[in-house]
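Given next are the chains, with one letter for each unit.
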Amino acid sequence: MLINKKKIQAVLFDFDGTLADTSYDMINCLNKLLKNYNRKNIDINLAKNFISKGAGGLIDYSCPDLSVSDRKMYIDEFLNIYKDNMFINTHLFEGINEIIDIIVKKNYKWGIVTNKPGFLAIPIIRMLNFTHQPNCLITGDTLNVKKPNPEPLLYAANQILCNPAYCIYIGDDVRDIIAAKAAGMISVAASYGFIEKYHLIKEWKSDYIIDTPLDLKKLLN
């Protein structure tokens, strides 16, 4: 797909693994949970690849032997630990602020659409102290559905009064690309994110793949 740059009106981002590197805080909290149950710590370089699947994905990776009830208990406890330790090492990926500056200078709108629940996503985004605040923020509990359902993306486009066809959506998980395509948006896969098997990215069939946030310059300039 070739982007008609005269028609771009907005750039929407996934959060974890796309805008921000939340891996250190999330995995450190997971290891605190595992320690509480005398389980072995997990390596951040392996575990971070499951962050895009949410708390449940991290628990399934680190504790695949849990019963349904224990799994829910672990997830709830993990979220409680994370809530108190969510902004220790979390930071924006290098180049994100520069890209947002470009977006704003071009008079495009920008926003965030994440599956992360609002009680976690909203305070982290506030603490990141963006120079230009997002024009919309859709979290995992804004609606009763999440990505890969396209509704959160369509809802974001409606919030910023933008035709979905003129929106770019960037994410680091196949669910992001599925949602973007279903919403009729321009899909961009962020290969620098929390991706378990890099070689499978092409199978997502996104319109574009970027290896760093600054690669977006080529699409915007």
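Caption draft 1: The arrangement of the nonpolar core in detail. Core analysis: the largest hydrophobic core is formed by 56 residues, its most contacted members being Phe13, Phe78, Ile170, Leu216 and Leu220. For Phe13, the contacting residues outside a window of four places in its chain are Thr18, Leu19, Ile99, Ile103, Trp110, Gly111, Ile112, Val113, Tyr169, Ile170 and Leu216. Counting 16 residues, the second largest nonpolar core, distinct from the first, contains Ala156, Ile160, Cys162 and Ala183.

Caption draft 2: A look at helix H6 (residues 118-128). Regarding H6, the residues found buried are Gly118, Leu120, Ala121, Ile124, Ile125 and Leu128. Summarising the axial view, the buried residues of H6 lie within an arc of 160°, below the 170-degree limit, and thus occupy one face. In this structure, the buried side of H6 is in contact with strand S2 (20-21), helix H4 (68-83), strand S3 (91-92), strand S4 (109-113) and strand S5 (136-138). Downstream of H6 by one or two residues, Asn129 has phi in the positive range, about 55°.

Caption draft 3: Inspection of helix H7 (residues 151-159) at higher detail. Here H7 has its buried residues at Pro152, Leu153, Ala156 and Ala157. Buried residues in H7, looked at end-on, bunch into an arc of 140°, giving them a common side. The elements touched by buried residues of H7 are strand S1 (10-13), S4, S5, strand S6 (167-171) and helix H8 (174-183). The first or second residue beyond H7 is Leu161, which carries a positive phi of 55°.

Caption draft 4: Layout of the pattern of salt bridges. Taken as a whole and judged by the stated rule, the model has 10 salt bridges. Across the salt bridge formed by Lys116 and Asp16, the nearest N and O atoms sit 2.9 Å from each other. Of the two residues, Lys116 is situated in the loop between S4 and H6 and Asp16 in the loop between S1 and S2; the sequence distance between them amounts to 100 residues. The burial state of Lys116 is the same as that of Asp16; both residues are buried. We note a salt bridge from Lys147 to Asp176, for which the minimum N-O separation is 2.7 Å. Residue Lys147 is found in the loop between S5 and H7, and its partner Asp176 is found in helix H8; the two are separated by 29 residues along the sequence. With a relative accessible area of 3%, Asp176 lands in the buried category. Here the residues in one salt-bridge network are Asp14, Lys147 and Asp176, joined through shared partners.

Caption draft 5: View of the environment of Asp173. Looking at the element boundaries, Asp173 is found in the loop between S6 and H8. What makes Asp173 buried here is its relative accessible area of 9%. If sequence neighbours within four positions are ignored, Asp173 has contacts with Ser52, Lys53 and Trp204. One polar contact links the side chain of Asp173 to the main-chain amide nitrogen of Arg175, over a distance of 2.9 Å.

The rules behind the values
Residues numbered from 1 in each chain as written. Predicted model: local features only at pLDDT ≥ 70, side-chain atom pairs only at ≥ 80, totals over all residues. Heavy atoms only, no water. Core = buried A, V, L, I, M, F, W, Y, C linked by side-chain atoms within 4.5 Å. Buried < 20%, exposed > 50% of the residue type's maximum accessible area, 1.4 Å probe, protein only. Contact = heavy atoms within 4.5 Å. Helix = DSSP H or I, 4+ residues; strand = E, 2+ residues; numbered from the N terminus. Arc of directions from axis to C-beta. Salt bridge = Lys/Arg side-chain N within 4 Å of Asp/Glu carboxyl O. Polar contact = N/O pair within 3.5 Å; in protein donor to acceptor, adjacent residues only side chain to side chain.

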